[in-house]
Amino acid sequence: MSDMGKGCRCWKRAWVLDMDIQGFFDNIDHDLLMKAVDRHVTEDWQKLYIRRWLKAPVQLADGSEESRDRGTPQGGVISPLLANLFLHYVFDRWVEKRWGGIQFERYADDIVCHCSSEREAQALKSVLEARFTECGLTLHPRKTKIVYCKSEYNRQGQKKVYFTAAISQTAAKEIRNQINKWPWRRWRQKELGQFARFCQSRLRGWMQYYGLFGRSYIRNVLFHFDLRLSR
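What you see is a predicted model, and the numbers here were worked out from it, not measured in a lab.

Colleague: Would you explain the overall build of the protein chain in this entry?
Modeller: Within the protein chain one finds nine helices and eight strands. Scored against the burial criterion, the 231 residues of the protein chain give a buried share of 36%. For the protein chain, long-range pairs separated by at least 24 residues make up 66% of all intrachain contacts whose partners lie at least 6 apart in sequence.

Set out below in structure tokens:
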């Protein structure tokens, strides 16, 4: 689901349950995962290779090996596929059957659910905490939050929701810091085209990534580049 889709849902359901699964990739239950694999893989030799791949020991920096009885190795070629398959049954299918009309987005283990009230969000959180515990997973107590997308009425009596899919203040500050670290003193002795080639790819990348939604916000951030250039 795109950020624009999430924004539209927040206009209608202002309470959001934002979940973070603690150590997700390291705690996937192999037996439960293989049950999900069995639903889609029919060849025994394929299942055998998947089991071997899951249980293969990890070699540490000192050369020693560490056995593994749960989790999928991060960076493995099919880890994202198996992890998504696992959560498809642990979360997607399960919550759709037991929480009628639920709207949510999930990207790997990042999950956002839209609720019509704080009471519904709290109830959903309790249900999902029990569900994840049952499946060997834990919702991060600090990173899992219930958020209200604040709204109010303007002078014309129109209700406005102050939620937008735009660059965060943290990301904006980081971009300004990066621009400040560019070799401005050295560039003063160079031709304009030499540092233009350096800047263009970075500015274009930020604009394309953060400008998909809330384009005016990233323009305001990149105005910092104009100020440094004018100096």
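Colleague: Before we go on, may I ask you to explain unusual backbone geometry in this structure?
Modeller: Negative phi characterises most residues that are not glycine, and trans characterises most peptide bonds. Non-glycine residue A108 carries a positive phi angle of around 55°. Secondary-structure assignment places A108 in the loop between β4 (103-107) and β5 (110-115).

Colleague: What should I look at first to understand the layout of surface pockets in this one?
Modeller: Think of a ball as big as a water molecule: rolled over the atoms, this probe shows where empty space is left. Taken as a whole, the second largest pocket encloses approximately 300 Å³ of empty space. As for the second largest pocket, its lining consists of 14 residues, of which L32, R39, Y89, V90 and R131 are closest to the centre. Of all the secondary-structure elements, those providing two or more residues to the lining of the second largest pocket are α2 (30-38), α4 (79-98) and α5 (118-134). A total of seven residues in the lining of the second largest pocket trace back to one element, the largest contributor, which is α4.

Colleague: Got a minute to help me understand the pattern of salt bridges in this structure?
Modeller: Side chains that differ in sign of charge can pair as their charged atoms come close. Counting across every chain of the model gives three salt bridges. For R106, the salt bridge goes to D92, with nearest N and O atoms at 2.9 Å. Residue R106 is located in strand β4, and its partner D92 is located in helix α4; the two are separated by 14 residues in the primary sequence. Residue D92 is classed as buried on the basis of its relative accessible area, which comes to 10%.

Colleague: Sorry, what's going on with the packing of aromatic side chains here?
Modeller: Aromatic ring pairs are described here by two measures, namely the spacing of the ring centres and the angle between the planes. Applying the stated rule across the entire model yields eleven aromatic pairs. Each ring, one from F91 and one from F132, has its centre 6.4 Å from the other, and the planes form 10°; the classification is stacked. Within this pair, whereas F91 is found in helix α4, its partner F132 is found in helix α5, the two being separated by 41 residues in sequence. Ring pairs connect the aromatic residues W182, W184, F198, W206 and F225, which therefore count as one cluster. Directly above the aromatic system of Y49 lies the positively charged group of R52, at a separation of 5.9 Å from the ring centroid.

Here is what the cut-offs are and how they apply
- Every chain is numbered independently, its residues counted from 1 as its sequence is written.
- Whole-chain, interface and lining totals are the exception, using all residues; otherwise, since this is a predicted model, local features are given only for residues with pLDDT of at least 70 and side-chain atom pairs are given and counted only at 80 or more.
- As a convention, hydrogens and water are excluded, and side-chain values are obtained from all of the structure's heavy atoms.
- Counting from the N terminus, the helices are DSSP H or I runs at least four residues long and the strands are E runs at least two residues long.
- Burial classification: accessible surface area is computed with a 1.4 Å probe over protein chains only, and a residue below 20% of its type maximum counts as buried, one above 50% as exposed, and the rest as partly exposed.
- Working rule for contacts: check all heavy atoms of both residues, and any pair within 4.5 Å makes them a contact.
- Throughout, the protein atoms alone are placed on a 1 Å grid, and a set of points is a cavity if a 1.4 Å probe fits but cannot get out or a pocket if it is open with protein on both sides within 12 Å along at least five of seven lines; lining residues have an atom within 4 Å of a point.
- Grid points are joined across faces, edges and corners, and a volume is the space filled by probe spheres set on the points.
- For this document, the term salt bridge refers to a Lys or Arg side-chain nitrogen within 4 Å of an Asp or Glu carboxyl oxygen.
- Within 6.5 Å between ring centres, the rings of Phe, Tyr and Trp (the latter by its six-membered ring) count as paired, and their orientation is classed by plane angle as stacked under 30 degrees, edge-to-face over 60, tilted in between.
- We call a charge positioned above a ring when the Lys NZ or Arg CZ atom is no farther than 6 Å from the ring centre and deviates by at most 35 degrees from the ring normal.

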